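Below, each chain spelled out in residue letters.
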Amino acid sequence: MIEPRQIRDIVRGVPVFPDEMPLFDPGAAPASPIALFIEWLERAVEDGIAAPHAVNLSTVDDDGAPDARVVILKDVVETGWQVASSNDSPKGRQLTAYPAAALTFFWPAAGRQVRVRGAVSTGSTQENDADFQRRHPVARALVLAGTQSSAVRDRDDIDTAVAEQLRRIEATDGLTSTTWTVFTIAPDAVEFWQADHERRHTRLLYTRSGEGWRREILWP
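Just so you know, these numbers come straight off a predicted model, no measurement behind them.

Cut-off values and rules
All residue numbers here refer to positions counted from 1 along the written sequence of the relevant chain. Owing to the predicted nature of the model, reporting of local features is limited to residues with pLDDT of at least 70; listing and counting of side-chain atom pairs is limited to 80 or more, with chain, interface and lining totals taken over all residues. As a convention, hydrogens and water are excluded, and side-chain values are obtained from all of the structure's heavy atoms. Each reported salt bridge corresponds to a side-chain nitrogen of Lys or Arg within 4 Å of a carboxyl oxygen of Asp or Glu. Type-normalised accessible area, obtained with a 1.4 Å probe on protein chains alone, sets the label of each residue: buried when under 20%, exposed when over 50%, and partly exposed for intermediate values. What counts as a helix is a DSSP run of H or I of at least four residues, what counts as a strand is a run of E of at least two, and both are numbered from the N terminus. This arc is built from the directions going out from the helix axis to the C-beta atoms. Contacts are assigned to residue pairs that have any heavy atoms within 4.5 Å of one another. Residues enter a patch when their relative accessible area is above 30% and they make no salt bridge; the linking distance is 9 Å between like charges and 5 Å between nonpolar side chains (Val, Leu, Ile, Met, Phe, Trp, Tyr). Accessible areas in this description were obtained via Shrake-Rupley with a 1.4 Å probe; residue shielding takes into account the shown protein chains only. By this definition, two strands are paired if DSSP reports at least two bridges between them. Between 30 and 60 degrees the pair is tilted, below 30 it is stacked and above 60 it is edge-to-face, where a pair is any two Phe, Tyr or Trp rings, Trp via its six-membered ring, whose centres lie within 6.5 Å. Think of it as a cone above the ring: NZ of Lys or CZ of Arg counts as a charge over the ring if it is within 6 Å of the ring centre and within 35 degrees of the ring normal.

Draft legend 1. Representation of the pattern of salt bridges within the structure. As enumerated under the stated definition, the model contains 9 salt bridges in all. Residue R43 is joined to D47 by a salt bridge in which the shortest nitrogen-to-oxygen separation is 2.7 Å. You can call R43 partly exposed: its relative accessible area is 36%. We classify D47 as partly exposed; its relative accessible area is 43%. The salt bridge partner of R134 is D131, with a shortest N-O separation of 3.6 Å. Judged by its relative accessible area of 5%, D131 falls in the buried class. Each of K74, D131 and R134 takes part in one network of salt bridges that share partners.

Draft legend 2. Representation of unusual backbone geometry. A positive phi angle is found at S149, which is not glycine, with a value near 80°. Assignment of secondary structure puts S149 in the loop between α5 (137–145) and α6 (155–171). Phi is positive for R199, close to 70°, though the residue is something other than glycine. Within the secondary structure layout, R199 lies in the loop between β7 (180–194) and β8 (202–209).

Draft legend 3. View of helix α4 (residues 125–133). Listed in full, the buried residues belonging to α4 are N128, D131 and F132. Take α4 and look down its axis: the buried residues cluster within an arc of 100°, on one side only. Contacts from the buried residues of α4 go to β4 (80–86), α5 and β7.

Draft legend 4. Inspection of a nonpolar patch on the surface at higher detail. A cluster of nonpolar side chains, I7, I10, V11 and V14, forms an exposed patch at the surface whose accessible area comes to about 350 Å². Here V11 shows up in helix α1 (residues 4–12).

Draft legend 5. Helix α3 (residues 90–97), seen in detail. Of all the positions in α3, only K91, G92, Q94 and L95 are classed as buried. Each buried residue of α3 sits inside an arc of 165° when the element is viewed along its axis, so together they form one side. Looking at the buried positions of α3, the neighbouring elements they touch are β1 (54–60), β2 (66–72), β4, β5 (100–107), β6 (112–122) and β7.

Draft legend 6. Structural context of the pairing of β8. Relative to β8, β7 runs antiparallel, the two sharing 6 bridges. Bridge assignment links A189 to a residue of β8, and that residue is T207. With 7 bridges connecting them, β8 and strand β9 (residues 212–218) associate as antiparallel partners. Paired with R203 across the bridge in β9 is L218.

Draft legend 7. Examining the packing of aromatic side chains more closely. One pass over the structure, following the stated rule, counts 10 aromatic pairs. Geometrically, the ring pair formed by F37 and W81 is edge-to-face, given 5.3 Å between the ring centres and 75° between the ring planes. With F37 in helix α2 (residues 33–46) and W81 in strand β4, this pair connects stretches of sequence that are 44 residues apart. Since its relative accessible area comes to 0%, F37 is described here as buried. Each member of the aromatic cluster is reached from another via a ring pair, and the members are F24, W40, F192, Y206 and W213. Sitting over the ring of W40, R112 keeps its end group 3.9 Å from the ring centre.

Rendered as structure tokens:
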């Protein structure tokens, strides 16, 4: 059995950030956090950072306890950041019952993190159906076949149910889901964090102010 002190010794020597990281000048940042996020995301893609669209989605359950999982960013639009799920999944039920969420993007290869907090709204039937149709057929079949995170007896049950739904998808053009939902997080606050090897990290916080944004540099 590994003792706690051994764990501390193991992780203390692990490099946190690369030798070279992008420069970030908060004074040159655009007025909108969405514009800056798109700049950072494009740079992450250009630099070959793995899965830069993967994001930690944080919600709360009926007891007020936090819950989190990594999902894929669907889009960033004028009204906010978009993710999607079945509304009968754990995260879907939480977002519906308590429509507020936090998103955390972390790109260690660039020493960058982006945090988003805000209210949540749901997409229209047309938006939800369009996003569902863009999913891989197996991903659509999984949604149609069962409720995410529900217990199953074994893997064969999943494979059988998915195969049945794939046949339905092939036989029915434009087959949709009644539960698939696009969730938009309208930001009240967005923080951009750029790492520094000496821990003098650069943090720029955008806070909603009327129709615009207030920008503040935060202590590391």
